[in-house]
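Listed here are the chains, written in short residue letters.
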Amino acid sequence: MMRLPLFEFRAPRTLEEAARILDGEGGNAMPLAGGTDLLPNMKRRQQVPRTLISLRHVGDMTQIRLDQSASRLGACLTLSAIASDPRFRNDLTALAQAASQVATPQIRNMATLGGNLCLDTRCNYYDQSYEWRKAIHFCLKKDGDTCWVAPGSSKCMAVSSTDTAPALIALGARVRLVSQSEEREVPLADLYNNDGMNYIRRRPNEILAEVLLDSLHGWKSTYWKLRRRGSFDFPVLSVAAAARLSRNGVVEDARIVIGSTASRPLLAAEAAKFLLNRSMNQDSITEAAALAAKIAKPLDNTDFDMSWRKKVTAEFVTYALRELRGDDMRAERESITRYPFGDDFIAIE
Ligand SMILES: Cc1cc2nc3c(=O)[nH]c(=O)nc-3n(C[C@H](O)[C@H](O)[C@H](O)COP(=O)(O)OP(=O)(O)OC[C@H]3O[C@@H](n4cnc5c(N)ncnc54)[C@H](O)[C@@H]3O)c2cc1C
Ligand code: SF4
(Lines give C-alpha, C1' and ligand atoms only; values in the text may rest on other atoms or scores of the structure.)
(Ligands and ions follow the chains in the order given, each with its own letter.)
Protein backbone atom coordinates (compact mmCIF):
# COMPACT_ATOMS: atom_id res chain seq x y z
CA MET A 1 0.00 0.00 0.00
CA MET A 2 1.31 3.47 -0.86
CA ARG A 3 0.93 5.87 2.03
CA LEU A 4 0.86 9.64 2.06
CA PRO A 5 3.86 11.32 3.65
CA LEU A 6 3.19 13.47 6.71
CA PHE A 7 2.05 16.99 5.94
CA GLU A 8 0.42 19.94 7.61
CA PHE A 9 -3.10 20.74 6.41
CA ARG A 10 -4.50 24.27 6.24
CA ALA A 11 -8.07 25.15 5.23
CA PRO A 12 -8.41 28.90 4.70
CA ARG A 13 -11.81 30.50 4.08
CA THR A 14 -10.71 33.38 1.86
CA LEU A 15 -8.42 33.79 -1.12
CA GLU A 16 -6.40 36.42 0.74
CA GLU A 17 -5.80 34.03 3.63
CA ALA A 18 -4.83 31.21 1.24
CA ALA A 19 -2.37 33.51 -0.58
CA ARG A 20 -0.91 34.70 2.72
CA ILE A 21 -0.29 31.14 3.97
CA LEU A 22 1.16 30.07 0.61
CA ASP A 23 3.52 33.04 0.60
CA GLY A 24 4.57 32.45 4.21
CA GLU A 25 5.53 28.83 3.54
CA GLY A 26 8.12 29.96 0.98
CA GLY A 27 7.88 27.14 -1.55
CA ASN A 28 7.21 24.36 0.98
CA ALA A 29 3.44 24.48 0.46
CA MET A 30 1.18 23.57 -2.44
CA PRO A 31 -2.47 24.43 -3.11
CA LEU A 32 -4.78 21.42 -2.89
CA ALA A 33 -8.01 21.49 -4.90
CA GLY A 34 -9.67 18.13 -5.70
CA GLY A 35 -6.45 16.28 -4.83
CA THR A 36 -7.00 13.78 -7.66
CA ASP A 37 -3.51 14.40 -9.05
CA LEU A 38 -1.56 15.87 -6.16
CA LEU A 39 -2.41 13.19 -3.58
CA PRO A 40 -1.43 10.22 -5.81
CA ASN A 41 1.76 12.14 -6.68
CA MET A 42 2.51 12.55 -2.98
CA LYS A 43 1.95 8.84 -2.41
CA ARG A 44 4.53 8.17 -5.13
CA ARG A 45 6.84 10.82 -3.55
CA GLN A 46 6.90 12.80 -6.82
CA GLN A 47 5.79 15.86 -4.88
CA VAL A 48 6.36 16.16 -1.13
CA PRO A 49 5.06 19.52 0.10
CA ARG A 50 5.37 20.16 3.85
CA THR A 51 2.00 21.95 3.86
CA LEU A 52 -1.17 21.54 1.82
CA ILE A 53 -3.45 24.54 1.51
CA SER A 54 -6.93 23.36 0.68
CA LEU A 55 -8.90 25.67 -1.62
CA ARG A 56 -12.18 23.81 -1.18
CA HIS A 57 -13.58 26.18 1.44
CA VAL A 58 -12.42 29.38 -0.17
CA GLY A 59 -15.53 31.40 -1.00
CA ASP A 60 -16.07 32.56 -4.58
CA MET A 61 -13.78 30.02 -6.16
CA THR A 62 -16.71 28.01 -7.51
CA GLN A 63 -18.53 30.87 -9.16
CA ILE A 64 -19.81 30.70 -12.76
CA ARG A 65 -20.56 33.98 -14.47
CA LEU A 66 -21.53 33.36 -18.08
CA ASP A 67 -22.36 36.53 -19.91
CA GLN A 68 -22.74 37.55 -23.58
CA SER A 69 -19.83 39.96 -23.26
CA ALA A 70 -17.47 38.08 -20.92
CA SER A 71 -17.37 35.03 -18.66
CA ARG A 72 -15.58 34.19 -15.41
CA LEU A 73 -15.14 30.67 -14.09
CA GLY A 74 -13.88 30.03 -10.57
CA ALA A 75 -10.84 27.73 -10.44
CA CYS A 76 -12.52 25.39 -7.95
CA LEU A 77 -15.46 24.60 -10.21
CA THR A 78 -15.55 20.85 -10.53
CA LEU A 79 -15.24 19.27 -13.96
CA SER A 80 -18.61 17.57 -13.32
CA ALA A 81 -20.20 20.99 -12.81
CA ILE A 82 -18.83 22.13 -16.17
CA ALA A 83 -19.66 18.90 -17.99
CA SER A 84 -23.24 18.75 -16.73
CA ASP A 85 -24.22 22.43 -17.06
CA PRO A 86 -26.10 22.94 -20.38
CA ARG A 87 -24.97 26.59 -20.51
CA PHE A 88 -21.44 25.46 -21.42
CA ARG A 89 -22.51 23.41 -24.40
CA ASN A 90 -23.06 26.25 -26.87
CA ASP A 91 -20.47 29.02 -26.60
CA LEU A 92 -17.96 26.91 -24.66
CA THR A 93 -18.49 23.57 -26.41
CA ALA A 94 -14.79 22.62 -26.48
CA LEU A 95 -14.49 23.17 -22.72
CA ALA A 96 -17.62 21.11 -21.98
CA GLN A 97 -16.35 18.31 -24.24
CA ALA A 98 -12.88 18.36 -22.68
CA ALA A 99 -14.16 18.43 -19.09
CA SER A 100 -16.57 15.58 -19.73
CA GLN A 101 -13.74 13.36 -21.02
CA VAL A 102 -11.40 13.79 -18.04
CA ALA A 103 -10.97 10.58 -16.04
CA THR A 104 -14.12 9.01 -14.53
CA PRO A 105 -17.38 10.47 -13.14
CA GLN A 106 -16.14 9.95 -9.57
CA ILE A 107 -12.88 11.77 -10.27
CA ARG A 108 -14.66 14.58 -12.15
CA ASN A 109 -16.83 15.12 -9.06
CA MET A 110 -13.68 16.03 -7.10
CA ALA A 111 -11.38 17.36 -9.85
CA THR A 112 -11.36 21.10 -10.43
CA LEU A 113 -10.73 23.34 -13.40
CA GLY A 114 -7.75 25.03 -11.68
CA GLY A 115 -6.20 21.68 -10.79
CA ASN A 116 -6.61 20.51 -14.37
CA LEU A 117 -4.89 23.64 -15.71
CA CYS A 118 -2.00 23.22 -13.23
CA LEU A 119 -1.71 19.45 -13.78
CA ASP A 120 1.80 17.99 -13.50
CA THR A 121 3.33 16.70 -16.75
CA ARG A 122 3.38 12.94 -17.29
CA CYS A 123 5.87 10.32 -18.48
CA ASN A 124 6.05 6.52 -18.41
CA TYR A 125 9.29 6.75 -16.41
CA TYR A 126 7.89 9.22 -13.88
CA ASP A 127 4.32 8.11 -13.15
CA GLN A 128 5.44 5.09 -11.20
CA SER A 129 5.75 4.13 -7.55
CA TYR A 130 8.76 5.31 -5.54
CA GLU A 131 10.25 1.78 -5.59
CA TRP A 132 9.85 1.49 -9.38
CA ARG A 133 11.55 4.84 -9.92
CA LYS A 134 14.27 3.97 -7.42
CA ALA A 135 15.00 0.74 -9.30
CA ILE A 136 15.94 2.77 -12.40
CA HIS A 137 17.86 5.34 -10.30
CA PHE A 138 15.00 7.82 -10.72
CA CYS A 139 15.11 10.37 -13.57
CA LEU A 140 15.90 14.03 -14.19
CA LYS A 141 12.39 15.23 -13.32
CA LYS A 142 12.64 13.98 -9.74
CA ASP A 143 15.56 12.66 -7.69
CA GLY A 144 17.75 11.50 -10.61
CA ASP A 145 20.13 12.85 -13.20
CA THR A 146 19.27 10.98 -16.41
CA CYS A 147 16.34 11.34 -18.76
CA TRP A 148 15.40 7.79 -19.77
CA VAL A 149 13.50 9.02 -22.84
CA ALA A 150 16.49 10.93 -24.24
CA PRO A 151 19.53 9.99 -22.12
CA GLY A 152 21.72 12.71 -23.65
CA SER A 153 19.19 15.41 -22.92
CA SER A 154 19.44 17.97 -20.16
CA LYS A 155 15.75 18.77 -20.57
CA CYS A 156 12.74 16.78 -19.39
CA MET A 157 10.13 16.07 -22.04
CA ALA A 158 7.27 14.86 -19.84
CA VAL A 159 3.95 15.43 -21.55
CA SER A 160 1.29 18.05 -20.87
CA SER A 161 -1.77 15.83 -20.32
CA THR A 162 -4.46 18.27 -19.33
CA ASP A 163 -7.68 18.09 -21.33
CA THR A 164 -9.10 21.51 -20.52
CA ALA A 165 -6.00 23.63 -21.25
CA PRO A 166 -6.01 23.06 -25.06
CA ALA A 167 -9.77 23.69 -25.13
CA LEU A 168 -9.51 26.93 -23.16
CA ILE A 169 -6.52 28.14 -25.18
CA ALA A 170 -8.57 27.61 -28.36
CA LEU A 171 -11.30 29.71 -26.72
CA GLY A 172 -8.80 32.50 -26.03
CA ALA A 173 -8.97 32.22 -22.21
CA ARG A 174 -6.94 34.20 -19.71
CA VAL A 175 -6.26 33.28 -16.09
CA ARG A 176 -6.14 35.47 -12.98
CA LEU A 177 -3.22 34.64 -10.70
CA VAL A 178 -3.31 35.96 -7.15
CA SER A 179 -0.48 36.19 -4.61
CA GLN A 180 -0.28 37.98 -1.29
CA SER A 181 1.30 41.08 -2.81
CA GLU A 182 -0.18 41.31 -6.30
CA GLU A 183 -2.48 39.84 -8.89
CA ARG A 184 -2.03 39.52 -12.63
CA GLU A 185 -3.87 38.26 -15.69
CA VAL A 186 -2.08 36.16 -18.29
CA PRO A 187 -3.30 34.57 -21.51
CA LEU A 188 -3.62 30.86 -20.78
CA ALA A 189 -1.49 30.21 -23.87
CA ASP A 190 1.38 31.97 -22.04
CA LEU A 191 1.00 30.05 -18.79
CA TYR A 192 3.03 27.07 -19.98
CA ASN A 193 6.67 26.32 -20.83
CA ASN A 194 7.71 23.55 -23.19
CA ASP A 195 9.70 21.97 -20.36
CA GLY A 196 8.47 18.89 -18.50
CA MET A 197 9.97 20.00 -15.16
CA ASN A 198 9.39 23.74 -15.26
CA TYR A 199 6.12 23.38 -17.18
CA ILE A 200 4.12 26.20 -15.64
CA ARG A 201 4.81 29.92 -15.26
CA ARG A 202 2.62 30.20 -12.17
CA ARG A 203 4.91 31.41 -9.40
CA PRO A 204 5.01 29.10 -6.34
CA ASN A 205 3.25 31.75 -4.25
CA GLU A 206 0.42 32.30 -6.74
CA ILE A 207 -3.06 30.81 -6.76
CA LEU A 208 -4.93 30.43 -10.00
CA ALA A 209 -8.14 32.13 -8.95
CA GLU A 210 -10.28 32.16 -12.07
CA VAL A 211 -10.51 31.70 -15.82
CA LEU A 212 -11.62 34.71 -17.88
CA LEU A 213 -13.18 34.59 -21.33
CA ASP A 214 -14.10 37.44 -23.66
CA SER A 215 -17.28 37.31 -25.72
CA LEU A 216 -17.38 34.23 -27.92
CA HIS A 217 -20.38 35.40 -29.86
CA GLY A 218 -20.25 33.86 -33.34
CA TRP A 219 -17.52 31.35 -32.42
CA LYS A 220 -17.86 27.58 -32.63
CA SER A 221 -15.46 25.22 -30.92
CA THR A 222 -14.72 21.53 -30.55
CA TYR A 223 -12.38 19.13 -28.73
CA TRP A 224 -11.08 15.78 -29.96
CA LYS A 225 -9.19 13.39 -27.70
CA LEU A 226 -7.18 10.25 -28.42
CA ARG A 227 -6.87 7.77 -25.55
CA ARG A 228 -6.63 4.02 -25.26
CA ARG A 229 -9.84 3.42 -23.32
CA GLY A 230 -13.03 5.25 -24.18
CA SER A 231 -14.21 4.95 -20.57
CA PHE A 232 -11.30 6.84 -19.04
CA ASP A 233 -7.69 7.63 -19.85
CA PHE A 234 -5.33 10.54 -20.11
CA PRO A 235 -5.10 12.09 -23.60
CA VAL A 236 -2.12 11.02 -25.71
CA LEU A 237 -3.12 13.41 -28.48
CA SER A 238 -5.78 16.07 -28.46
CA VAL A 239 -6.99 18.73 -30.83
CA ALA A 240 -9.00 21.77 -29.79
CA ALA A 241 -10.22 24.12 -32.49
CA ALA A 242 -12.35 27.24 -32.49
CA ALA A 243 -13.44 29.40 -35.39
CA ARG A 244 -15.66 32.34 -36.23
CA LEU A 245 -17.23 31.91 -39.64
CA SER A 246 -19.05 34.49 -41.73
CA ARG A 247 -22.57 33.77 -42.93
CA ASN A 248 -21.26 32.35 -46.18
CA GLY A 249 -18.80 30.09 -44.36
CA VAL A 250 -15.59 32.11 -44.71
CA VAL A 251 -13.21 31.88 -41.73
CA GLU A 252 -12.94 35.26 -39.99
CA ASP A 253 -10.81 34.04 -37.07
CA ALA A 254 -9.54 30.66 -35.90
CA ARG A 255 -7.40 28.93 -33.29
CA ILE A 256 -6.12 25.36 -33.40
CA VAL A 257 -4.34 23.80 -30.42
CA ILE A 258 -2.56 20.45 -30.30
CA GLY A 259 -2.40 18.86 -26.85
CA SER A 260 -0.39 16.00 -25.33
CA THR A 261 2.41 15.96 -27.89
CA ALA A 262 4.82 18.22 -25.96
CA SER A 263 5.32 19.55 -22.45
CA ARG A 264 2.77 22.26 -23.18
CA PRO A 265 -0.28 22.66 -25.44
CA LEU A 266 0.90 23.91 -28.84
CA LEU A 267 -0.85 26.67 -30.77
CA ALA A 268 -0.90 25.80 -34.47
CA ALA A 269 -0.66 29.44 -35.51
CA GLU A 270 0.40 28.82 -39.13
CA ALA A 271 -2.53 26.50 -39.73
CA ALA A 272 -5.01 28.98 -38.22
CA LYS A 273 -3.54 31.81 -40.29
CA PHE A 274 -3.84 29.73 -43.44
CA LEU A 275 -7.58 29.33 -42.86
CA LEU A 276 -8.25 33.07 -42.57
CA ASN A 277 -10.50 34.44 -45.33
CA ARG A 278 -10.93 30.97 -46.83
CA SER A 279 -13.94 28.66 -46.91
CA MET A 280 -13.51 25.41 -45.06
CA ASN A 281 -13.55 23.14 -48.09
CA GLN A 282 -11.75 19.84 -48.50
CA ASP A 283 -8.57 21.46 -49.85
CA SER A 284 -8.22 24.16 -47.19
CA ILE A 285 -8.96 21.70 -44.41
CA THR A 286 -6.38 19.22 -45.73
CA GLU A 287 -3.73 21.94 -45.99
CA ALA A 288 -4.50 23.39 -42.53
CA ALA A 289 -4.45 19.90 -41.00
CA ALA A 290 -1.04 19.19 -42.54
CA LEU A 291 0.33 22.51 -41.23
CA ALA A 292 -1.05 21.85 -37.75
CA ALA A 293 0.30 18.29 -37.64
CA LYS A 294 3.80 19.56 -38.50
CA ILE A 295 4.25 21.03 -35.02
CA ALA A 296 3.28 17.84 -33.17
CA LYS A 297 6.40 15.95 -32.07
CA PRO A 298 5.21 13.17 -29.78
CA LEU A 299 7.89 11.20 -27.95
CA ASP A 300 8.12 7.61 -26.79
CA ASN A 301 7.14 8.35 -23.18
CA THR A 302 3.41 7.82 -23.15
CA ASP A 303 0.83 5.39 -24.46
CA PHE A 304 0.76 4.32 -28.16
CA ASP A 305 3.51 4.34 -30.76
CA MET A 306 4.88 7.84 -31.22
CA SER A 307 5.06 7.80 -35.03
CA TRP A 308 1.45 6.62 -35.18
CA ARG A 309 0.38 9.45 -32.85
CA LYS A 310 2.18 11.89 -35.14
CA LYS A 311 0.53 10.35 -38.19
CA VAL A 312 -3.02 10.60 -36.87
CA THR A 313 -2.64 14.22 -35.74
CA ALA A 314 -3.64 15.51 -39.18
CA GLU A 315 -6.70 13.24 -39.15
CA PHE A 316 -7.77 14.59 -35.76
CA VAL A 317 -7.35 18.20 -36.95
CA THR A 318 -9.40 17.31 -40.05
CA TYR A 319 -12.18 15.90 -37.86
CA ALA A 320 -12.18 19.01 -35.70
CA LEU A 321 -12.31 21.42 -38.67
CA ARG A 322 -15.00 19.45 -40.44
CA GLU A 323 -17.07 19.57 -37.28
CA LEU A 324 -16.62 23.35 -37.07
CA ARG A 325 -17.92 23.79 -40.62
CA GLY A 326 -21.03 21.83 -39.65
CA ASP A 327 -20.40 18.23 -40.76
CA ASP A 328 -22.10 15.54 -38.71
CA MET A 329 -19.13 13.83 -37.05
CA ARG A 330 -20.96 11.43 -34.77
CA ALA A 331 -19.70 8.36 -36.64
CA GLU A 332 -16.07 9.52 -36.45
CA ARG A 333 -16.42 10.36 -32.75
CA GLU A 334 -17.86 6.94 -32.13
CA SER A 335 -15.17 5.22 -34.18
CA ILE A 336 -12.11 6.79 -32.53
CA THR A 337 -12.99 5.17 -29.26
CA ARG A 338 -12.88 1.85 -31.09
CA TYR A 339 -9.54 2.48 -32.87
CA PRO A 340 -10.57 2.55 -36.51
CA PHE A 341 -7.04 2.87 -37.78
CA GLY A 342 -6.70 -0.76 -38.84
CA ASP A 343 -3.18 -1.95 -39.57
CA ASP A 344 -1.76 1.44 -38.60
CA PHE A 345 -2.65 0.76 -34.99
CA ILE A 346 0.41 -0.30 -33.04
CA ALA A 347 0.13 -0.54 -29.28
CA ILE A 348 3.06 -0.47 -26.91
CA GLU A 349 3.10 -3.50 -24.66
C1 LIG B 1 -7.30 7.61 -12.78
C2 LIG B 1 -7.08 9.04 -13.19
C3 LIG B 1 -7.39 9.42 -14.49
C4 LIG B 1 -7.19 10.75 -14.89
N5 LIG B 1 -7.51 11.10 -16.17
C6 LIG B 1 -7.32 12.39 -16.57
C7 LIG B 1 -7.66 12.78 -17.90
O8 LIG B 1 -8.16 11.99 -18.71
N9 LIG B 1 -7.43 14.06 -18.27
C10 LIG B 1 -6.88 14.97 -17.41
O11 LIG B 1 -6.72 16.14 -17.82
N12 LIG B 1 -6.56 14.63 -16.14
C13 LIG B 1 -6.77 13.38 -15.69
N14 LIG B 1 -6.45 13.02 -14.41
C15 LIG B 1 -5.74 13.97 -13.54
C16 LIG B 1 -6.63 14.78 -12.59
O17 LIG B 1 -7.65 14.00 -12.04
C18 LIG B 1 -7.28 15.98 -13.28
O19 LIG B 1 -6.33 16.66 -14.07
C20 LIG B 1 -7.91 16.96 -12.30
O21 LIG B 1 -8.60 17.97 -13.04
C22 LIG B 1 -6.93 17.65 -11.37
O23 LIG B 1 -7.68 18.58 -10.59
P24 LIG B 1 -7.65 18.55 -9.01
O25 LIG B 1 -8.56 19.63 -8.56
O26 LIG B 1 -7.91 17.20 -8.45
O27 LIG B 1 -6.13 18.99 -8.77
P28 LIG B 1 -5.18 18.69 -7.52
O29 LIG B 1 -4.76 17.27 -7.55
O30 LIG B 1 -5.77 19.21 -6.27
O31 LIG B 1 -3.95 19.63 -7.94
C32 LIG B 1 -3.21 19.39 -9.11
C33 LIG B 1 -2.07 20.44 -9.18
O34 LIG B 1 -2.62 21.73 -9.38
C35 LIG B 1 -2.26 22.60 -8.29
N36 LIG B 1 -3.46 23.43 -8.07
C37 LIG B 1 -4.73 22.99 -7.93
N38 LIG B 1 -5.57 24.04 -7.91
C39 LIG B 1 -4.82 25.15 -8.02
C40 LIG B 1 -5.11 26.54 -8.04
N41 LIG B 1 -6.37 26.99 -8.00
N42 LIG B 1 -4.08 27.42 -8.13
C43 LIG B 1 -2.80 26.97 -8.21
N44 LIG B 1 -2.46 25.67 -8.21
C45 LIG B 1 -3.47 24.77 -8.11
C46 LIG B 1 -1.88 21.68 -7.14
O47 LIG B 1 -0.98 22.31 -6.25
C48 LIG B 1 -1.25 20.54 -7.91
O49 LIG B 1 0.04 20.88 -8.30
C50 LIG B 1 -6.67 11.71 -13.96
C51 LIG B 1 -6.38 11.30 -12.66
C52 LIG B 1 -6.59 9.98 -12.26
C53 LIG B 1 -6.28 9.60 -10.85
S1 SF4 C 1 11.03 12.88 -20.05
FE2 SF4 C 1 12.93 12.11 -19.10
S3 SF4 C 1 13.33 13.42 -17.33
FE4 SF4 C 1 11.22 13.77 -17.99
S5 SF4 C 1 9.99 12.43 -16.70
FE6 SF4 C 1 10.46 11.29 -18.57
S7 SF4 C 1 12.35 10.16 -18.15
FE8 SF4 C 1 12.11 11.71 -16.57
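Residues numbered from 1 in each chain as written. Chains lettered and ligands numbered in written order. Predicted model: local features only at pLDDT ≥ 70, side-chain atom pairs only at ≥ 80, totals over all residues. Heavy atoms only, no water.

A. View of the sheet that holds strand β5 (residues 70-74). The five strands are arranged β4-β5-β8-β6-β7 in an open sheet whose pairing can be described as antiparallel. Whereas interior strands pair on both sides, the edge strands pair on one side only; in this sheet they are β4 (64-66) and β7 (183-187). Sheet twist, expressed as the average angle between the axes of neighbouring strands with direction ignored, equals 20°. (Pairing = 2+ DSSP bridges. Helix = DSSP H or I, 4+ residues; strand = E, 2+ residues; numbered from the N terminus. Axes fitted to C-alpha atoms, helices over the stretch in contact; angles between N-to-C directions.)

B. A look at the packing of aromatic side chains. Using the criterion set out here, one finds five aromatic pairs in the structure. For the pair Trp224 and Tyr319, a centre-to-centre distance of 5.1 Å together with 40° between the ring planes defines the contact as tilted. Here Trp224, found in strand β9 (residues 219-226), pairs with Tyr319, found in helix α11 (residues 306-324); they are 95 residues apart in sequence, far enough to count as distant. Using a relative accessible area of 13% as the deciding quantity, one classes Tyr319 as buried. Each residue in the set Trp224, Phe316 and Tyr319 is aromatic and connected to the rest through ring pairs, giving one cluster. Here the guanidinium or amino end of Arg122 rests over the ring plane of Phe234, the centre of that ring lying 3.6 Å away. The lysine or arginine in question, Lys141, covers the ring of Tyr126, its NZ or CZ lying 4.7 Å from the ring centre. (Phe/Tyr/Trp six-rings, centres within 6.5 Å; stacked < 30°, edge-to-face > 60°. Buried < 20%, exposed > 50% of the residue type's maximum accessible area, 1.4 Å probe, protein only. Lys NZ or Arg CZ within 6 Å of the ring centre and 35° of its normal.)

C. Molecular detail of the sheet that holds strand β12 (residues 266-267). Across the sheet, which stays open at both edges, the four strands sit in the order β9-β10-β11-β12 with antiparallel pairing between neighbours. Of all the strands in the sheet, just β9 and β12 have a single pairing partner and so form its edges. In the packing of α11 onto the sheet, contacts are made with β9, β10 (237-245) and β11 (251-259), and the angle to β9 comes to roughly 150°. (Contact = heavy atoms within 4.5 Å.)

D. Looking closely at the site of ligand 1. Among the 35 residues in the neighbourhood of ligand 1, the closest are listed as Pro31, Gly35, Thr36, Thr112 and Asp163. A distance of 2.8 Å separates an oxygen atom of ligand 1 from a polar atom in the backbone of Asp37. Measuring from an oxygen atom of ligand 1, one finds a side-chain N or O atom of Lys225 at 3.0 Å. About the coverage of ligand 1: the protein hides 93% of its 980 Å² of free accessible area. Elements represented by at least two residues in the shell around ligand 1 include exactly β2 (29-32), α6 (113-117) and β8 (207-214). Tallied by class, residues from the shell around ligand 1 come to 20 nonpolar, ten polar and five charged. (Near = heavy atom within 4 Å. Polar contact = N/O pair within 3.5 Å; in protein donor to acceptor, adjacent residues only side chain to side chain. Areas by Shrake-Rupley, 256 points an atom, 1.4 Å probe, with all protein chains shown as cover. Nonpolar A, V, L, I, M, F, W, Y, C, P; charged D, E, K, R; others polar.)

E. Just empty space enclosed by the protein, in detail. The tally for this structure, following the rule as stated, stands at two cavities of 30 Å³ or more. Taken together, Cys123, Tyr125, Cys139, Leu140, Lys141, Cys147, Trp148, Val149, Cys156, Met157 and Ala158 make up the full set of residues lining the largest cavity. Broken down by class, the residue content of the lining of the largest cavity amounts to ten nonpolar, no polar and one charged. Looking at the second largest cavity, its volume works out to about 50 Å³. What lines the second largest cavity is simply Leu117, Leu119, Asp120, Thr121, Ser160, Ser161, Thr162, Tyr192, Tyr199 and Ser263. Its residues assigned to classes, the lining of the second largest cavity comprises four nonpolar, five polar and one charged. (1 Å grid on protein atoms, 1.4 Å probe; cavity = no way out; pocket = protein on both sides within 12 Å on 5 of 7 lines; lining within 4 Å. Points joined across faces, edges and corners; volume = space filled by probe spheres on them.)

F. Quick look at the pattern of salt bridges. Under the criterion given, the structure shown has 25 salt bridges. The partner of Glu206 in a salt bridge is Arg184, with the nearest N and O atoms 2.7 Å apart. With Glu206 in the loop between β7 and β8 and Arg184 in strand β7, this residue pair connects regions lying 22 residues apart in the sequence. On the accessibility criterion, Glu206 (1% relative accessible area) is buried. Residue Arg184 is classed as partly exposed on the basis of its relative accessible area, which comes to 21%. Taking the shortest distance from any N to any O, the salt bridge between Asp233 and Arg229 comes out at 2.9 Å. Relative accessible area serves as the criterion here: at 16%, Asp233 is assigned to the buried category. Salt bridges linked by common partners bring Arg72, Arg176, Glu183 and Glu210 together as one network. (Salt bridge = Lys/Arg side-chain N within 4 Å of Asp/Glu carboxyl O.)

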